[in-house]
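One letter stands for each residue in the lines below.
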Amino acid sequence: SLPLRGVRVTSANIFCTDQYLKVERPPFLFEAVLFAPIDDANSTAKIGNGIIFFTLYKKEVAMWDSLTLAIADKEKLQYLRENAVLKAHERAKEETEAKKVTEKEHKKYALEATMRLEEAERRRIEDLKEKEQQKVTKELELWQKQQKDAEKQKRVQKERELHQKVEQLKETKKDKNNKTRIPNEGTSKARIKPTKGHGSCSMFSEEEQLPAPRSAATIKISFTPRVFPTALRESRIAEEEEWLCKQAEARRTSNADLSELEDLKEEEKNPDWLKDKGNKMFATGNYLAAVNAYNLAVRLNNKLPLLYLNRAACHLKLRNLHKAIEDSSKALELLTPPVPANENARVKAYVRRGTAFCQLELYVEGLQDYEAALKIDPKNKTIEKDAEKIRHLIQGTMQDS
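Every value quoted in this text rests on a predicted model; they were computed, and no experiment measured them.

**Notes on the overall build of the chain**
Right, on to step 1. Tallying secondary structure elements over the chain gives nine helices and six strands in all.
Right, on to step 2. Per-residue burial for the chain yields a buried fraction of 23% across its 401 residues.
Right, on to step 3. Considering only residue pairs separated by 6 or more positions, the chain has 54% of its internal contacts joining residues 24 or more positions apart.
Right, on to step 4. With an accessible surface of roughly 31,300 Å², the chain has 53% of that area assigned to carbon and sulfur atoms.

**Observations regarding helix 5 (residues 305-317)**
Right, on to step 1. Given a rise of 1.5 Å per residue, 13 residues ought to cover 18 Å, and the 19 Å separating the end C-alpha atoms of helix 5 matches this to within 8%.
Right, on to step 2. Where burial is concerned, most of helix 5 is hidden: eleven out of the 13 residues are buried.
Right, on to step 3. Within helix 5, the full set of buried residues consists of Pro-305, Leu-307, Tyr-308, Leu-309, Asn-310, Arg-311, Ala-312, Ala-313, Cys-314, His-315 and Leu-316.
Right, on to step 4. Two residues or fewer past helix 5, Arg-319 is found with a positive phi of approximately 65°.

**Structural notes on the packing of helix 3 (residues 271-283) against helix 5**
Right, on to step 1. Where helix 3 contacts helix 5, the two axes come as close as 11 Å, and the packing angle between them is 25°. By the angle between their axes, helix 3 is roughly parallel relative to helix 5. Here the hand of the crossing between helix 3 and helix 5 comes out left-handed. For the pair helix 3 and helix 5, contact is made by Pro-271, Lys-275, Asn-279 and Phe-282 and by Leu-306, Leu-307, Asn-310, Ala-313, Cys-314 and Lys-317, respectively.
Right, on to step 2. Residues of the contact of helix 3 with helix 5, tallied by class, amount to six nonpolar, two polar and two charged.

**Some details on the side chain of Ser-328**
Right, on to step 1. The residue Ser-328 is located in helix 6 (residues 321-334) in this model.
Right, on to step 2. The residues touching Ser-328, leaving out its near neighbours within four places in the chain, are Ala-312, Ala-349, Arg-352 and Arg-353.

**Some words on the pattern of salt bridges**
Pairing between side chains of opposite charge can happen when their charged atoms approach one another.
Right, on to step 1. In total, this model carries nine salt bridges according to the counting rule given.
Right, on to step 2. In this structure, Arg-122 and Glu-119 form a salt bridge, with 2.4 Å as the shortest nitrogen-oxygen distance. One end of the pair is Arg-122 and the other is Glu-119, both in helix 1 (residues 74-181) and three residues apart, which spans about a single turn.
Right, on to step 3. The exposure class assigned to Glu-119 is partly exposed, which follows from its relative accessible area of 28%.
Right, on to step 4. A salt bridge links Glu-119 to Arg-123; its shortest N-O distance comes to 3.2 Å.

**A few points about the layout of surface pockets**
Right, on to step 1. Of the pockets and cavities examined, the largest pocket occupies roughly 760 Å³.
Right, on to step 2. Together, 18 residues line the largest pocket, and Trp-143, Gln-144, Leu-367, Glu-371 and Arg-391 are the ones closest to its centre.
Right, on to step 3. For the lining of the largest pocket, the element with the most residues is helix 1, which contributes eight residues.
Right, on to step 4. A per-class count over the lining of the largest pocket returns eight nonpolar, four polar and six charged.
Right, on to step 5. If you count residues domain by domain, the lining of the largest pocket takes at least three from each of domain 2 (98-170) and domain 3 (268-395).

**Looking at the sheet that holds strand 5 (residues 44-48)**
Right, on to step 1. The strand order 1-6-5 describes an open sheet built from three strands, whose pairing is antiparallel. What marks the edges here is a single partner per strand, and that holds for strand 1 (2-3) and strand 5.
Right, on to step 2. Relative to strand 6 (residues 51-55), strand 1 is paired through two bridges, and the arrangement is antiparallel. Looking at the pairing, Pro-3 lines up with Ile-51 of strand 6.

**Let's talk about the sheet that holds strand 4 (residues 28-33)**
Right, on to step 1. With respect to topology, three strands assemble into an open sheet ordered 2-3-4, the strand pairing being antiparallel. Only two strands of the sheet have a single partner each, and these edge strands are strand 2 (14-16) and strand 4. Averaged over all pairs of adjacent strands, the angle between their axes in this sheet comes to 5°, without regard to strand direction.
Right, on to step 2. Bridge count for strand 3 (residues 20-25) against strand 4 is six bridges, and the pairing is antiparallel. The residue of strand 4 that forms the bridge with Val-23 is Phe-30.

**Things to note about the side chain of Arg-353**
Right, on to step 1. Tracing the backbone through its elements, the reader meets Arg-353 in helix 7 (residues 343-359).
Right, on to step 2. The exposure class of Arg-353 is buried, given its relative accessible area of 16%.
Right, on to step 3. A distance of 3.1 Å separates a polar atom in the side chain of Arg-353 from a polar atom in the side chain of Ser-329.
Right, on to step 4. For Arg-353, the side chain forms a polar contact with the side chain of Asp-369, separated by 2.9 Å.
Right, on to step 5. In this view, Arg-353 contacts Ile-325, Ser-328, Ser-329, Leu-332 and Asp-369; residues no more than four positions away in its chain are not counted.

**Thoughts on the UniProt feature "repeat: TPR" (unreviewed entry) in the chain**
Right, on to step 1. Taking the UniProt record as the reference, the feature "repeat: TPR" (unreviewed entry) is found at residues 347-380.
Right, on to step 2. Helix makes up 79% of residues 347-380 and strand makes up 0%, while its end C-alpha atoms are separated by 10 Å.

**Some points on the environment of Thr-355**
Right, on to step 1. Residue position: Thr-355 is located in helix 7.
Right, on to step 2. Judged by its relative accessible area of 22%, Thr-355 is partly exposed.
Right, on to step 3. Sequence separation between Thr-355 and Gly-366 is eleven residues, and the spatial gap between their C-alpha atoms is 6.4 Å.
Right, on to step 4. With residues up to four places along the chain from it excluded, the contact list for Thr-355 reads Leu-316 and Tyr-370.

**A few points about the nonpolar core**
Right, on to step 1. The biggest cluster of nonpolar side chains holds 22 residues, and the ones touching the most others in it are Leu-274, Tyr-294, Leu-307, Tyr-308, Leu-309 and Cys-314.
Right, on to step 2. When residues of this core are traced back to their parent elements, those giving at least two are helix 2 (237-252), helix 4 (287-300), helix 5, helix 6 and helix 7.
Right, on to step 3. Element by element, the count of residues in this core is highest for helix 4, at seven residues.
Right, on to step 4. In this structure, Leu-309 is in contact with Ala-331, Ala-345, Lys-348, Ala-349 and Arg-352, ignoring residues within four places of it in sequence.
Right, on to step 5. Val-347, Tyr-370, Ile-383 and Ile-390 belong to the second largest nonpolar core, which has twelve residues in total.

Cut-off values and rules
Residues numbered from 1 in each chain as written. Predicted model: local features only at pLDDT ≥ 70, side-chain atom pairs only at ≥ 80, totals over all residues. Heavy atoms only, no water. Helix = DSSP H or I, 4+ residues; strand = E, 2+ residues; numbered from the N terminus. Buried < 20%, exposed > 50% of the residue type's maximum accessible area, 1.4 Å probe, protein only. Contact = heavy atoms within 4.5 Å. Areas by Shrake-Rupley, 256 points an atom, 1.4 Å probe, with all protein chains shown as cover. Expected span 1.5 Å × (residues − 1). Axes fitted to C-alpha atoms, helices over the stretch in contact; angles between N-to-C directions. Parallel < 35°, antiparallel > 145°, perpendicular 65-115°, else oblique. Left-handed = near helix turned anticlockwise from the far one by under 90°. Nonpolar A, V, L, I, M, F, W, Y, C, P; charged D, E, K, R; others polar. Salt bridge = Lys/Arg side-chain N within 4 Å of Asp/Glu carboxyl O. 1 Å grid on protein atoms, 1.4 Å probe; cavity = no way out; pocket = protein on both sides within 12 Å on 5 of 7 lines; lining within 4 Å. Points joined across faces, edges and corners; volume = space filled by probe spheres on them. Domains from an automatic or database assignment. Pairing = 2+ DSSP bridges. Polar contact = N/O pair within 3.5 Å; in protein donor to acceptor, adjacent residues only side chain to side chain. UniProt positions renumbered as here; feature names shortened; annotations may be inferred. Core = buried A, V, L, I, M, F, W, Y, C linked by side-chain atoms within 4.5 Å.

See the structure below:
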């Protein structure tokens, strides 16, 4: 124990190492070079009641001759002081580094725990999304199956109604044939004679005389070669001829006011020349110039569907989406009747209008146009992939809502 002599000492005024002890409170100073090393980590100092009570634990069990060493050499005492301070600094540094390592390990553990929690939450959310997607997919498949069943029932009903109509037509034709076989009163070869007797119940004296059966013969039949692979009644000759006539008529007619176009050159008054010029401008990326060329061509002749179709492609590039929809719709109106000669143009019109709808986020309308294009060209893998992407977008929008 050490008396304080009326001064107030805190733990900050006490310095202790394994062989050096110091208590400093100006103007007082107490220092002691211990007789043998102590365990300074477990040694304690309590301040109270005017004294400091030290509890020191020896590193080695042995009897000390005294508490301190009697050192008369000042240089040796100074060396011991400096060595004690240096050891204290090294120990403090080690404790600080150990504390940093411990804190780093704690942070690492906390980060790993947070990551594990986030991973578990992410997996839970992904499982929920997958379940919802499977649910929506099943509902969509069920709806498609119901639609197919409904279409099948409608088709069967139509076939039944068509069969009934055919049977009715056959019956009507048969009745007409039977009526035509009844002989007229003036041309009949049968002779009807009235009866002379009054007891007879018949109104005729003898039965109607029927003609004898015709003699058998062989009829030679020759067939003309077919142009189309299907039967003539199933071919589309009339529709193709109508389409060709409409195209020829469209190229002959011109709706432009020639008085406003007197300054144009002779070739500039030809819609086909303007269409080729617009195609070249489109190929070079000059979409505005291509639109101007198509506009002039439409003024000269507004019955050519390819002009509207090409102008719709330009509007798509310029993000004029509503105009692209209008031109694609106009092209589809002019591409009638639907025949193999205009299948490619109709596919392009449906795809361009569907693309414009999708860019306006009208995915349902866009999917309808893509499905219409697939009906015309079912082997087109690119259109099929795009339609599948639109279906996924619609499903994602339904899930978000």
